[in-house]
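# What the coordinates show
Next come the chains, spelled out residue by residue.
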Amino acid sequence: MKKFNPNKNIIITLVIVIIVVTVLSVTAAQRANEGKPNFFQSIVNDSVSFVDRTISAPVKWVQNGVDSVHHLFTTYSENERLKEKIDSYDEIAQKNKNMQKEIDALKSELDLSQTLTSYERVTANVITRSPDSWQDLLVVDKGSNDGIEVNMAVMAQKGLVGRVIEVNATSSKVELLTSSNVSSNHFPVRVSSGNGESFGLLKNYDEKLQALVVTQLTGESEIKEGDVVQTSGLGGNSPADLQIGTVIKTKPDSYGLDREVYVKPYADMYDLPVVTIIKRLVEE
């Protein structure tokens, strides 16, 4: 049996006390140093931080590059979608514009029809108009099946625009008043003035003034700007009293023996999507 040695126990206790006091002293010193790490701890922290930056920098650079490429493709895709939407919007806007133009043209023809209640008439769509003969001819979608005949007068937008010169079963060719064909069958007209009426022949078209020219005038009535010009019906090929336009000026002809009357047509000769063909005068 071992003998109890009180001296050994005292030594162990003193060592433990010294260790505890040392730990408490170091802890107190660190707190008094306002939380700053000691020299060795600073070296360790700096080393760890350097290694972390060295390893993480390439990773962050690659990640940023991947993110940039992803954003680039996302932006490109978004731009393409926006372009498609813009193209679609432009297409819809143009369709709406064309539809509104067609509606306005039909309204004009409806207004015209209301002023032509004394005539049997047919409304027709313009289906062909060649650029090289734009001011001469056009083709409409009504023909002999609809009762159309050669020499019938054609109107649009409240005014006379031409005459039918060729008829097929389902289409007809119309010669316009703006035609340069000197041998065409021109309209006999009547100019109504405040002091009487004058009669003449609608014969030419002045492209510069965009005006029809009336020649071979009869009578001595003074013709002024604003006087109304209508068909006279004297030629027998067209009804009387169809509106043509108004006088914008008069002047002597090149020989000084006759007057030339320039007429601004009621219809826009260059924009004719729909026309009205006058078949005949309705008998009372």
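Scroll up a little and you will see the structure.
Treat the numbers as computed from the prediction; the structure is a model and nothing was measured.

### Some remarks on the side chain of T178
Examined against the element boundaries, T178 turns out to sit in the loop between β5 (172-176) and β6 (187-193). Polar contacts involving the side chain of T178 include one to the main-chain carbonyl oxygen of Q135, which spans 2.4 Å. Setting aside anything within four residues of it in sequence, one finds T178 in contact with Q135, D136, Y205 and M269.

### Observations regarding the side chain of S221
Note that S221 resides in the loop between β8 (211-218) and β9 (228-231). Apart from the residues within four sequence positions on either side, S221 is in contact with N195, G196, E197, S198 and R259.

### Side note on the pairing of β5
β5 sits mainly inside the fold: four of its five residues count as buried. Summarising the sheet, strand β2 (residues 137-140) and β5 pair through four bridges and their orientation is antiparallel. The residue bridging V139 from the neighbouring strand is K173, located in β5. Where strand β4 (residues 159-167) lies against β5, five bridges are found, and the strand directions are antiparallel. Looking across to β5, one finds that E166 is bridged to K173. Where β4 folds back on β5, the antiparallel hairpin that results is connected by four residues.

### Digging into the pattern of salt bridges
Under the criterion given, the structure shown has four salt bridges. K279 is the salt-bridge partner of E120, the closest N and O atoms lying 3.3 Å from each other. One end of the pair, E120, is in strand β1 (residues 119-128); the other, K279, is in strand β12 (residues 274-281), and 159 residues separate them in sequence. Here K279 falls in the buried class, since its relative accessible area comes to 17%. A network of salt bridges, in which partner residues are shared, links R190, E197 and D241.

### Observations concerning unusual backbone geometry
Non-glycine residue N151 carries a positive phi angle of around 80°. Note on placement: N151 falls in the loop between β2 and β3 (153-156). Given a relative accessible area of 24%, N151 falls into the partly exposed group.

### Description of the environment of Q157
Mapping Q157 onto the fold places it in the loop between β3 and β4. Distance in space between the C-alpha atoms of Q157 and D271 is 9.9 Å, their sequence separation being 114 residues. A distance of 2.6 Å separates a polar side-chain atom of Q157 from the backbone nitrogen of D268. A polar side-chain atom of Q157 sits 2.9 Å from the main-chain carbonyl oxygen of D271.

How each quantity is defined
- Residue numbers here run from 1 along each chain, matching the order of that chain's written sequence.
- Thresholds applied to this predicted model are a pLDDT of at least 70 for local features of residues and 80 or more for the giving and counting of side-chain atom pairs; totals over whole chains, interfaces and linings are not thresholded and use all residues.
- Here the side-chain values reflect all heavy atoms present in the structure, with hydrogen atoms and water set aside.
- Only runs of H or I of at least four residues qualify as helices and only runs of E of at least two qualify as strands under DSSP, and these elements are numbered from the N terminus.
- Think of a polar contact as two N or O atoms within 3.5 Å of one another; within protein, one of them needs to be a possible hydrogen donor and the other a possible acceptor, and neighboring residues in sequence only count if both atoms come from side chains.
- Pairs of residues are marked as contacts when any of their non-hydrogen atoms sit within 4.5 Å.
- Each residue is placed in one exposure class: buried if its accessible area under a 1.4 Å probe, protein chains only, is under 20% of its type's maximum, exposed if it is over 50%, and partly exposed if it falls in between.
- Strands qualify as paired when DSSP identifies two bridges or more between them.
- Basic side-chain nitrogens of Lys or Arg form a salt bridge, by our definition, when they fall within 4 Å of a carboxyl oxygen of Asp or Glu.

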